[in-house]
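# Structural features, examined
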Amino acid sequence: MKFFEHIGKEIFKEEGISILEGHVAYTAEEAVDIASDMEKPVVLKSQVKVGGRGKAGGIKFPKNSGEVFHMASELLNMEIKGEKVKHLLVEEKADIKKEFFLSISIDRAAKQPIIMVSKEGGVDIEELAIKYPNKIIKSYVNPLAEFLPYQAREIAKKMGVESNLISPLGSVISKLYSLFQKYDAQIAEINPLILTDEGLIAADSKLEIENDAVFRHQNLAKVNNYKSKEFAFVKLDGDIAVIGNGAGLTLTGMDMIQLKGGKPATFLDIGGGASEKTIKKALNLVLNYPPVKVVFLNVLGGITRADDVAKGVIAALNSSDRKVNIVIRLTGTNEEEGQKLLKEAGIPFEISMEEAAEKAVIIRNSL
Ligand code: GDP
Ligand code: MN
């Protein structure tokens, strides 16, 4: 199973390999939002599982937010080697001094892991491997013995880099090898591993784990397969906006509003694991839909954390010019924290969905 670059990088980070600040965007608007929040130059990187994306035009360097929008739209309409681009990594742009190549894979014939490194990394590595094969240093690792830090440093030394880089390079090689083992990887590769003023940073990731071992890494497999986070939004002819996490819960919320004598204005499913940002986006969507008089936000926290929901609600209401009545049903993971935040912000909430729906209709009828 191949992983997207941004997921590979999250794993690198957990293992102590430095990465650049980056966030995933599914739309050009989202890319603009993220880039402006980051307040520094960014690179837009299409997330696909095929290689050679840079050469195929899948990486862009926008100079301003207008370009972020246009380039992100362009990338999101692209297909790279038959793979549709569905999301982007909006990443801090690095000032690159050098590009190295580090790769660990399994040599089937030798039945051993093989570490390949080069001080000339980057997009032309395949060409380098063909034209100047001895510029790529290959070392086998005994899979049954511990791979020791000095062995990693020896590999780094063979790369022919300046002496002050041997120890930091060795450290990255050690960490890459340790995650290679931990995740039952087939390939763990950093190309390029860049040298910047901040040190060595993984500017790209390639991670592929054995299909037979995927069951040992369920959580990872789940995030890697997630669909677009764009929510399902349907405009209806009532005036109470119904927002829920999950289609079932959202539909139940609509039924409840109808049962209490109200009419839903929207069906808006924000999906599971909605972040503070998602909640803010969802609320902005319904606040910009003129027929909406009351918002009924129905959240059952599982993966979605109630405190994130509360923060999103507060942020959205603070940034909106429109005053609208909102009734929140908030329970589940971190509910005490979420409810406390709402209380402090003076936003009413209910624990029971039925009571919340009833309240929404009462407020609507009193307007
Ligand atoms: P790939 O083509 O899919 O392997 O994409 P990479 O993520 O490896 O990027 C390809 C090339 O784009 C790198 O080798 C760099 O030369 C360049 N690049 C990527 N990110 C940055 C960045 O943040 N700053 C600069 N200056 N160049 C970058
Ligand atoms: Mn690369």
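Computed from a predicted structure; not experimentally measured.

### What about the pattern of salt bridges?
- Per the counting criterion, the structure on display carries 27 salt bridges.
- Between Lys281 and Glu30 there is a salt bridge; the shortest N-O distance is 3.7 Å. Here Glu30 lies in helix H2 (residues 28-38) and Lys281 lies in helix H9 (residues 276-287), a separation of 251 residues in the sequence.
- Residue classification places Glu30 among the buried residues on the basis of a relative accessible area of 17%.
- Across the salt bridge formed by Lys135 and Glu120, the nearest N and O atoms sit 3.2 Å from each other. Highlighted residues: Lys135 in the loop between helix H4 (125-131) and strand E9 (137-140) and Glu120 in the loop between strand E8 (112-118) and H4, separated in sequence by 15 residues.

### What to know about the sheet that holds strand E18 (residues 349-350)
- Read from one edge to the other, the open sheet built from 6 strands follows the order E13-E15-E14-E16-E17-E18, with strand pairing classed as mixed. Two strands close off the open sheet at either side, each with one partner strand: strand E13 (232-235) and E18.
- In this fold helix H8 (residues 247-259) packs onto strand E14 (240-244), strand E15 (264-269), strand E16 (294-301) and strand E17 (325-332), with an angle of close to 165° to the strand it touches most, E15.

### Focus on the coordination of the manganese ion (ligand 2)
- The manganese ion (ligand 2) binds to the protein through Asn191 (O) and Asp204 (OD), with metal-donor distances spanning 2.1 to 2.2 Å. One end of the pair, Asn191, is in strand E10 (residues 185-196); the other, Asp204, is in the loop between strand E11 (199-202) and strand E12 (206-209), with 13 residues separating them in the sequence.
- Taking the relative accessible area as the measure of exposure, Asn191 reaches 13% and is therefore buried.

### What about the UniProt feature "binding site: substrate" (unreviewed entry) in the protein?
- In this structure's numbering, the residues bearing the UniProt feature "binding site: substrate" (unreviewed entry) are Asn245, Gly302, Ile303 and Thr304. Sequence-wise these annotated residues cover 60 residues; spatially they are packed, their C-alpha atoms never more than 10.1 Å apart.
- With respect to the element layout, Gly302 can be found in the loop between E16 and helix H10 (306-319).
- When you line up the elements, Thr304 lands in the loop between E16 and H10.

### Section: the packing of aromatic side chains
- As enumerated under the stated definition, the model contains 2 aromatic pairs in all.
- Judged by centre distance (4.8 Å) and plane angle (50°), the rings of Phe147 and Tyr177 are tilted. Here the residue Phe147 occupies a position in the loop between E9 and helix H5 (149-158), and Tyr177 occupies one in helix H6 (residues 163-182), the gap between them amounting to 30 residues. The two residues Phe147 and Tyr177 agree in class, both being buried.
- With 6.1 Å between their ring centres and 25° between their planes, Tyr177 and Phe180 make a pair best called stacked. In this pair, Tyr177 and Phe180 are both assigned in helix H6, 3 residues apart and thus about one turn of the helix distant. Each of the two residues, Tyr177 as well as Phe180, counts as buried.
- An aromatic cluster is present here, built from Phe147, Tyr177 and Phe180 joined pairwise through their rings.
- Above the face of the Phe4 ring, Lys49 is positioned so that its terminal group lies 4.6 Å from the ring centre.
- Here the basic side chain of Lys135 rests over the ring of Tyr132, its NZ or CZ set 4.9 Å away from the ring centre.

Conventions used here
Residues numbered from 1 in each chain as written. Chains lettered and ligands numbered in written order. Predicted model: local features only at pLDDT ≥ 70, side-chain atom pairs only at ≥ 80, totals over all residues. Heavy atoms only, no water. Salt bridge = Lys/Arg side-chain N within 4 Å of Asp/Glu carboxyl O. Helix = DSSP H or I, 4+ residues; strand = E, 2+ residues; numbered from the N terminus. Buried < 20%, exposed > 50% of the residue type's maximum accessible area, 1.4 Å probe, protein only. Pairing = 2+ DSSP bridges. Contact = heavy atoms within 4.5 Å. Axes fitted to C-alpha atoms, helices over the stretch in contact; angles between N-to-C directions. Donors = N, O, S within 2.8 Å, 3.2 Å for Na, K, Ca; no water. UniProt positions renumbered as here; feature names shortened; annotations may be inferred. Phe/Tyr/Trp six-rings, centres within 6.5 Å; stacked < 30°, edge-to-face > 60°. Lys NZ or Arg CZ within 6 Å of the ring centre and 35° of its normal.

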